[in-house]
Structures are given as structure tokens and as C-alpha cells.
Amino acid sequence: MKKIGKPLLLLITLSMGLMALASALVGVTALVLFLSFSGVDLPSWEDEPVLAQEEVKPVSKTLMDPVGMWVAPDWSEVEEDENAELIKYGRDLIANTSKYLGPNGKVKKISNGLNCQNCHLQAGTVPLGNNYSAVASTYPKVRGRSGTSEDVQMRINGCFQRSLNGETLANDSKEMQAMVAYMNWLGQGVPKGEKPKGAGIFEIAYLDRSADPIKGKTVYEKQCVVCHMADGQGMAKPDGTGYTYPPLWGEHSYNQKAGLFRMSRFAGYVKANMPFGATYENPILTDEEAWDLAAYVNSLDRPDRDFPNDWPDISKKPIDHPFGPYADGFSELQHKYGPYIPIQKAIAKKQ
Ligand code: HEC
Ligand code: HEC
């Protein structure tokens, strides 16, 4: 092979570099032109927003030490279970409830279009994502709301009637059996009576003021509006089977007797999981933002439903249960929005 002299090599390298630079420039220009014609918002380099000091809030502080956190059993092992088909149907029902049981459901039309998974993230497997880790181990249990011992089926129907503002499923229906089988499979490693670390919803600390719907609206517009929309109606899937982004209020949302209508449930859920992508290890909202969002969303219209047998013993109502009568002297308004600490202290003093 003929040796190339050093100066020639340098020249070749240089001109190749220039050519690459030129084609890169053409490429970038073409991309910019394409993006501006296709209506995509381009960042402007001149007016890059300078964040005010108080807007730069490093919230990210793990809500719970991940050590010892419940992890769902490995889904690929489901095939080894003799009930595999039923368990898989159960998971599908949790993830795609609307397809089977929503307004156009192919099995039955008994619910509002939400999927269980909209609130029980990734089919109820996410730590502090309202998971089902404690269901198999703690039900049946006596609950204050019904004043009776509730089995898993009754608890599931509670979410159908309230969170999905719908009707109940019969205990012997294939769908109910499948969901129960799935929850039992999820909870297989949890000893009876125990509640694993990271079960359910994050218990967010009370504020020393009442939660403020007006402040919450401002946070909503900054952090939630892109997906759940200004009117809170989210975005329905084009094929009518549920939502890409579920509604947060209005006629298609959970009703006033649902768990999320309680401020602490809503605030704890969003603190660890919203805006979508936040986790308990990397939360995005401050506690105040989470509470104020709960106040804003739960101050807007949504379906109501009367359950005359709820709370036979009113002293069992949680502090943030927003409907009287109460066993203490505090108002409905304070029970709904707080401040809760004075109520908590008064109850502790009585006992
Ligand atoms: C709009 C939100 C939402 C939807 C949709 C929803 N749930 Fe729930 N669910 C909740 C909340 C809130 C709780 C109470 C969690 C707590 O207090 O820790 C709950 C609790 C439960 C529990 C009891 C968990 C425990 O550990 O005690 C079960 C079981 C359950 N839901 C099943 C379902 C099923 C099945 C569906 C679908 C048919 C469903 N949920 C849909 C919000 C929802
Ligand atoms: C990037 C999109 C996105 C953003 C931003 C976002 N969410 Fe969500 N949100 C979702 C999705 C998707 C779900 C359903 C999760 C699923 O099915 O896996 C959801 C579910 C919910 C739910 C439970 C389901 C329901 O409809 O009641 C609540 C409550 C909620 N979001 C509140 C909020 C709040 C408050 C904010 C602002 C802090 C927010 N979200 C920001 C995408 C988003």
C-alpha cells in the first residue's frame, strides 16, 4: 500500500471534517424547517426562562427507604400456578376494566370507563401506588365504613360502586373470581394478618393549615393540565375503551363516597405517583402542593351517591371524612379541608 504523505493526510482529514460540518448544518436547518412547518413548538434560545429562586424546589426526597419494600411476585412465574388462566384474566380485568365492564364493556356494562389500574397502578403492583399487597393477608376484616366484616369481594364491589361509580359484580361471576384469584396470587408471600411495607397509599403528613383549593388550581395548571386537561376530563381512547388520561372530576369520575374523595387519600396518592412518572423515590410535589391539589380537585363537581348504611358508628369516621354527622364538635368544612391537627388532638384527649 502506498504511503500518504503527512500534509496530504491532514488536508483530507480537514476537508472531510468540513464536509461533515456542512452536511450537519444542512440537516439541522432541514429539521428546524420541518418542525416549524409541522407545528411543533420549538424552544427559543433567546428567551430561555430564568426560574425565580423560589421556583427551583428540589423536592426529591425519598418518601420511604426502599429497603424491605414489598415487591410483587415475578409475573413470568404465573404459568406455574394451577390457576394461571384465571389469574391472568384477573390481571387483565384490573388493567383493562373498561374494555370488559365499562360503558361499552363486552362482558357487562356496569362502570364509568375508569380502569382499576388508573388508581391501582400497574395492576396494583407499585409500592405506594395503591397496590394490592395487603389484600390477601388482611381480608376479611371489619371496616368502619360498613361496620361489618368485609371479604375481598365486598371490598372490590366497594370500588366498583364508588371509584367506578357503578354496579356490583356477583361473587360467583367469573370476573369476580378472576380478580380475587389475581389478588391472592399477588399476596402469596405475605403472612396472614400482615401489611407489607409500601402497601396501599402513602400516609402524607397533615399540614398546619387547611388545604387551599385556590392554590391547588395554580399547581394544577402547572403540573397536571397537560394530561388531565383544563376541564379535568382527561383524554378518552379513540376506541371508547377507557382513557389515555383519566378524568379527575365531572360525571365520568369517581363519586363523592369514593376513597379518593377523602383528601388524605388523594394527597397521598398524588404525592407518590403524580405527575405521572413521579415515584415514592422521586416525588415531584411538595406536601403542600399535594394537599392543595386534593382541595382543588375535590371541590369540583362529581357524581354523588347515597349509601345509607355507611358508618353505622359515626365515631369510626376518619378525620378527613367529609360528611357529618360527627362524634366531635368540628364542622364538615374543617373535616374536609382541615386543619386536621386540632381534630386529631381533640379525639386523642377524649380517649
Ligand atoms: C378512582 C380511583 C380508584 C379506582 C378506579 C379503583 N380504586 Fe380501589 N381503591 C381506591 C382507594 C383510594 C382505595 C383505598 C386505599 C387506602 O385507603 O389505602 C382503594 C382500595 C381498594 C381495595 C382495598 C385495598 C386494601 O389494601 O385494603 C381493593 C381490593 C380495591 N380497591 C379494588 C379495586 C378494584 C378491583 C377496582 C376496579 C374495579 C378498583 N379498586 C378501582 C381507589 C380506586
Ligand atoms: C404525563 C401525564 C400526566 C400528568 C402530568 C398527570 N397525570 Fe395523573 N394520571 C395520568 C395517567 C396516565 C393516569 C392513569 C394511570 C394508569 O392508568 O396507569 C393518571 C391517574 C391519576 C389519578 C387517578 C385516576 C383518576 O382519574 O382519578 C389521579 C387522582 C391523578 N392522576 C391526579 C393527577 C394530578 C393531581 C396531577 C398533577 C400533579 C397529575 N395527575 C398529573 C397521567 C398524568
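Scroll up a little and you will see the structure.
The sections below set out a description of the structure shown in this document. (Residues numbered from 1 in each chain as written. Chains lettered and ligands numbered in written order. Predicted model: local features only at pLDDT ≥ 70, side-chain atom pairs only at ≥ 80, totals over all residues.)

### Points about the overall build of the protein chain
The helix and strand tally for the protein chain stands at 14 helices and four strands. Burial statistics for the protein chain: of 351 residues in total, 35% are counted as buried. Pairs at least 24 apart in sequence give 65% of the contacts found in the protein chain among residues at least 6 apart. (Helix = DSSP H or I, 4+ residues; strand = E, 2+ residues; numbered from the N terminus. Buried ≥ 20, exposed ≤ 12 C-beta atoms within 10 Å, placed from the backbone. Contact = placed C-beta atoms within 7 Å.)

### So, the site of ligand 1
Of all residues adjacent to ligand 1, which total 23 residues, the nearest are Cys-116, Cys-119, Cys-159, Ser-163 and Gly-259. The set of elements that each furnish at least two residues to the shell around ligand 1 consists of helix H4 (116–119) and helix H7 (152–161). Tallied by class, the residues present in the shell around ligand 1 amount to 14 nonpolar, seven polar and two charged. When residues of the shell around ligand 1 are sorted by domain, at least three fall in each of domain 1 (75–186) and domain 2 (213–350). (Near = placed C-beta within 6 Å. Nonpolar A, V, L, I, M, F, W, Y, C, P; charged D, E, K, R; others polar. Domains from an automatic or database assignment.)

### Topic: the site of ligand 2
Around ligand 2 there are 23 residues in total, and Cys-224, Cys-227, Pro-246, Pro-275 and Phe-276 lie nearest to it. Among the secondary structure elements, those contributing two or more residues to the shell around ligand 2 are H4, helix H10 (225–228) and helix H11 (263–273). When residues of the shell around ligand 2 are sorted by domain, at least three fall in each of domain 1 (75–186) and domain 2 (213–350).

### Considering helix H12 (residues 287–297)
Burial within H12 is extensive, with nine of its eleven residues counted as buried. All of the buried residues in H12 are Glu-289, Ala-290, Trp-291, Asp-292, Leu-293, Ala-294, Ala-295, Tyr-296 and Val-297. Against helix H9 (213–223), H11 and helix H13 (332–337) lie the buried residues of H12.

### What about the nonpolar core?
Generally speaking, nonpolar side chains in soluble globular proteins are found buried as a group. Counting 60 residues, the largest nonpolar core has Met-179, Tyr-182 and Ala-294 as the members making the most contacts within it. Going through the elements one at a time, helix H2 (84–95), helix H3 (97–101), H4, H7, helix H8 (174–186), H9, H11 and H12 are the ones with two or more residues in this core. With nine residues, H8 is the largest single contributor of residues to this core. When residues are assigned to domains, this core turns out to be shared by domain 1 (75–186) and domain 2 (213–350), each giving three or more. Those residues in contact with Met-179, other than ones at most four positions away along the chain, are Gly-90, Leu-93, Ile-94 and Ile-156. (Core = buried A, V, L, I, M, F, W, Y, C linked by C-beta atoms within 7 Å.)

### Brief notes about the packing of H11 against H12
As a packed pair, H11 and H12 sit with axes 8 Å apart at the nearest point and diverge in direction by 130 degrees. Put simply, H11 runs oblique to H12. The interaxial crossing formed by H11 with H12 has right-handed handedness. Between H11 and H12, the contacting residues are Met-263, Phe-266, Ala-267, Val-270 and Lys-271 on the first element and Asp-287, Ala-290, Trp-291, Leu-293, Ala-294, Ala-295 and Val-297 on the second. For the contact of H11 with H12, the class distribution of residues is ten nonpolar, no polar and two charged. (Axes fitted to C-alpha atoms, helices over the stretch in contact; angles between N-to-C directions. Parallel < 35°, antiparallel > 145°, perpendicular 65-115°, else oblique. Left-handed = near helix turned anticlockwise from the far one by under 90°.)

### Thoughts on H11
Buried residues dominate H11, accounting for eleven of its eleven residues. Turning to H11, its buried residues number three or more, namely Met-263, Ser-264, Arg-265, Phe-266, Ala-267, Gly-268, Tyr-269, Val-270, Lys-271, Ala-272 and Asn-273. Looking at the packing, one finds that the buried side of H11 touches helix H5 (121–124), H12 and H13.

### Let's talk about unusual backbone geometry
Here the bond from Gly-324 into Pro-325 is cis, since omega is 0 degrees, no more than 30 degrees from zero. Take Pro-325: it is sitting in the loop between H12 and H13. The omega angle of the peptide bond from Gly-338 to Pro-339 is 0 degrees, so this bond is cis rather than trans. Turning to its location among the elements, Pro-339 is positioned in the loop between H13 and helix H14 (341–350). Although it is not a glycine, Leu-128 adopts a positive phi angle of roughly 60 degrees. When you line up the elements, Leu-128 lands in the loop between H5 and helix H6 (135–138). The phi dihedral of Asn-130 falls on the positive side, at around 60 degrees, and the residue is not glycine. Mapped onto the elements, Asn-130 comes out in the loop between H5 and H6.

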